[in-house]
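Examining the three-dimensional arrangement
Below are the chains, spelled out letter by letter.
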Amino acid sequence: MHYFMLDQESLDNITRNPNLTLDIPKSGYNFRATNYVASKIAEQTEGCSFLDTTQYYILAAKDCDKADDLVLDACMSEKLITGEIGITPTENNFLALNCIMNITAQTLSLKDVSQRQMVVPLTIYSEDKEAHGVALCFDSHKDRNHINIMILEQHALRDGGKLDYSKEIDLTLAHLQKIFETQGMSVSTYQNDKPICREKGVCGIVSAEVCKRLLQAENPMKTAQLGTIKISREKVNELHHANFLNYQKDNPVQNMPIRDNNYSR
């Protein structure tokens, strides 16, 4: 059994080329675009490794041992950022996240392993809402017997509407708390109650930037709780432009500066 349990149609969709076009894609960043941005964050962060969740052994191969080895190798650095991982909390579907957490919950608790911090650009799926990107962060920097787990979400609404993801976040934090408690660790959790960005359709850009700031923070929980992470529309445009230029530079032959007019979510 592979990590993501994808059929061929889903596999083809998830491995499409990054949609890092000149304009911010109206459909949001696709899976490989998020992975690409995460890989650049790893390059810009000292002591950080990157776990590419588009790797064949994680997406589709039936060799779980190979996939586990890839995760374990990534956990040997002090910090780790993964590519995109999708969950459906209201259906208790944490399959791909669980497979990775089965290893990282152990490495984050071990005193003889360098790993201290980990961030995940997490995509929440729901039956009645749009897929939505959030930033998930784990920090055991100061005490290997304790883990801080935080999820920062762009809108931070609590009105029960289409942009209220608090129920899904509560379910996810409770699920992760149980995983770490089985490792004998005490757990503190946090989700923000103030918005990070007022714009719509840019959650992939926002969540990746929040992952970066938490990953590079000396004290991620304090940074999260202070509520000082704010991202304006101008900053969103700046971040996307940098992502676009980086991708063009890294892939000069296959890419052209096209515009994206495809509305899908």
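Overview of the structure. Just so we're clear, the structure is a prediction, and the values are computed from it rather than from any experiment.

From N to C terminus, the protein includes 9 helices and 7 strands. Counting across all 265 residues of the protein, residues that qualify as buried make up 54%. A fraction of 69% describes how many contacts in the protein between residues 6 or more apart in sequence connect residues 24 or more apart. As displayed, the protein offers around 12600 Å² of accessible surface, 47% of which is attributable to carbon and sulfur atoms.

Look at helix H2 (residues 31-43) against helix H9 (residues 233-250): their axes get within 11 Å of each other, and the N-to-C directions meet at 90 degrees. The orientation of H2 with respect to H9, classified from their angle, is roughly perpendicular. Between H2, through Tyr36, Val37 and Lys40, and H9, the contact on the second element is made entirely by Asn243, Asn246, Tyr247 and Asp250. When grouped by side-chain class, the residues that make up the contact of H2 with H9 number 3 nonpolar, 2 polar and 2 charged.

Side chains of Asp63, Asp65, Asp69 and Asp73 sit close together on the surface and give a patch of like negative charge. Assignment of secondary structure puts aspartate 65 in helix H4 (residues 64-74).

Another point: helix H7 (residues 203-216). Helical geometry note: an α-helix holds 3.6 residues per turn, so side chains three or four residues apart project in the same direction. An ideal rise of 1.5 Å per residue puts 20 Å on 14 residues; H7 measures up with 20 Å between its terminal C-alpha atoms. A large share of H7 lies buried, amounting to 11 of its 14 residues. Taken together, the buried positions of H7 are occupied by Cys203, Gly204, Ile205, Val206, Ser207, Ala208, Glu209, Val210, Cys211, Leu214 and Leu215.

Residues Leu97, Leu136, Phe138, Ile149 and Phe180 are the most contacted members of the largest nonpolar core, which totals 36 residues. Among the secondary structure elements, those contributing two or more residues to this core are H4, strand E3 (85-87), helix H5 (95-107), strand E4 (117-126), strand E5 (129-139), strand E6 (146-152) and helix H6 (166-181). When residues in this core are grouped by element, the largest group, 6 residues, is from H5. Setting aside residues up to four positions removed in sequence, leucine 97 forms contacts with Ile85, Ile87, Leu122, Leu136 and Leu176. Among the nonpolar cores identified, the runner-up in size contains 34 residues, and Ala42, Ile81, Tyr190 and Ala208 belong to it.

An ideal rise of 1.5 Å per residue puts 26 Å on 18 residues; H9 measures up with 26 Å between its terminal C-alpha atoms. Buried within H9 are the following residues: Val236, Leu239, His240, Asn243, Phe244, Tyr247 and Gln248. At its buried positions, H9 is contacted by H2 and H7.

For asparagine 92, which is not glycine, the phi dihedral falls at a positive 55 degrees. Its place among the elements puts asparagine 92 in the loop between E3 and H5. Here the phi dihedral of alanine 156 falls at roughly 55 degrees; this positive angle occurs in a residue that is not glycine. Tracing the backbone shows alanine 156 in the loop between E6 and H6.

Another aspect to go through is the packing of H7 against H9. Angle between the axes and distance between the axes are the two parameters that describe a pair of packed helices. Following both chains from N to C, one finds H7 and H9 inclined at 85 degrees, their axes separated by 10 Å at the closest point. In this view, H7 runs roughly perpendicular relative to H9, as classed from their interaxial angle. Residue-level inspection shows Ile205, Val206, Glu209 and Arg213 of H7 in contact with H9, the latter providing Lys235, Val236, Leu239 and His240. A per-class count over the contact of H7 with H9 returns 4 nonpolar, 1 polar and 3 charged.

Okay, the pairing of E5 next. With respect to burial, E5 is a largely interior element, 10 of its 11 residues being buried. Bridge analysis of E4 against E5 gives 9 bridges, and the strand direction is antiparallel. If you follow valine 120 over to E5, its bridge partner there is leucine 136. Between E4 and E5, which follow one another and run antiparallel, lie 2 residues. The sheet contact formed by E5 and E6 spans 5 bridges and is antiparallel. By the bridge assignment, aspartate 139 is partnered in E6 with asparagine 148.

Thresholds, definitions, all that
Every chain's residues receive numbers from 1 upward, in the order its sequence appears when written. Local features are withheld for residues below a pLDDT of 70 in this predicted model, meaning they are given only at 70 or higher, and side-chain atom pairs are given and counted only at 80 or more; totals for whole chains, interfaces and linings count all residues. Side-chain numbers here rest on the full set of heavy atoms in the structure, without hydrogens or water. Helix numbering and strand numbering both begin at the N terminus, where a helix is a DSSP run of H or I of at least 4 residues and a strand a DSSP run of E of at least 2. For the exposure calls, accessible area comes from a 1.4 Å probe over protein chains only, and a residue counts as buried if that area is under 20% of its type's maximum, exposed if over 50%, partly exposed in between. Any pair of residues with heavy atoms lying within 4.5 Å of one another is described as a contacting pair. Using a 1.4 Å probe, the Shrake-Rupley method yields the accessible areas, and only the shown protein chains count as cover for residues. Here an axis means a line fitted to C-alpha atoms, over the contact stretch when the element is a helix, while the angle between two N-to-C directions is reported on a 0 to 180 degree scale. Every angle not falling under 35 degrees, over 145, or within 65 to 115 is termed oblique; those three ranges are roughly parallel, roughly antiparallel and roughly perpendicular. Three categories are distinguished: nonpolar for Ala, Val, Leu, Ile, Met, Phe, Trp, Tyr, Cys and Pro, charged for Asp, Glu, Lys and Arg, and polar for the others, with Gly belonging to the last. Exposure above 30% relative accessible area and no salt bridge define the residues that can form patches, which grow by joining like charges within 9 Å and nonpolar side chains of Val, Leu, Ile, Met, Phe, Trp and Tyr within 5 Å. Take a side-chain nitrogen of Lys or Arg and a carboxyl oxygen of Asp or Glu: if they are within 4 Å of each other, that pair is a salt bridge. Under the convention used here, Asp and Glu are negative, Lys and Arg are positive, and both His and the chain ends fall outside the count. Lysine's charge is taken at NZ, arginine's at CZ, aspartate's at CG and glutamate's at CD. To estimate the expected span of a helix, subtract one from its residue number and multiply by 1.5 Å. Residues belong to a common nonpolar core when they are buried Ala, Val, Leu, Ile, Met, Phe, Trp, Tyr or Cys residues joined through side-chain atoms within 4.5 Å. For two strands to pair, DSSP has to find at least two bridges joining them.

By themselves, these observations are geometric and do not establish any function.
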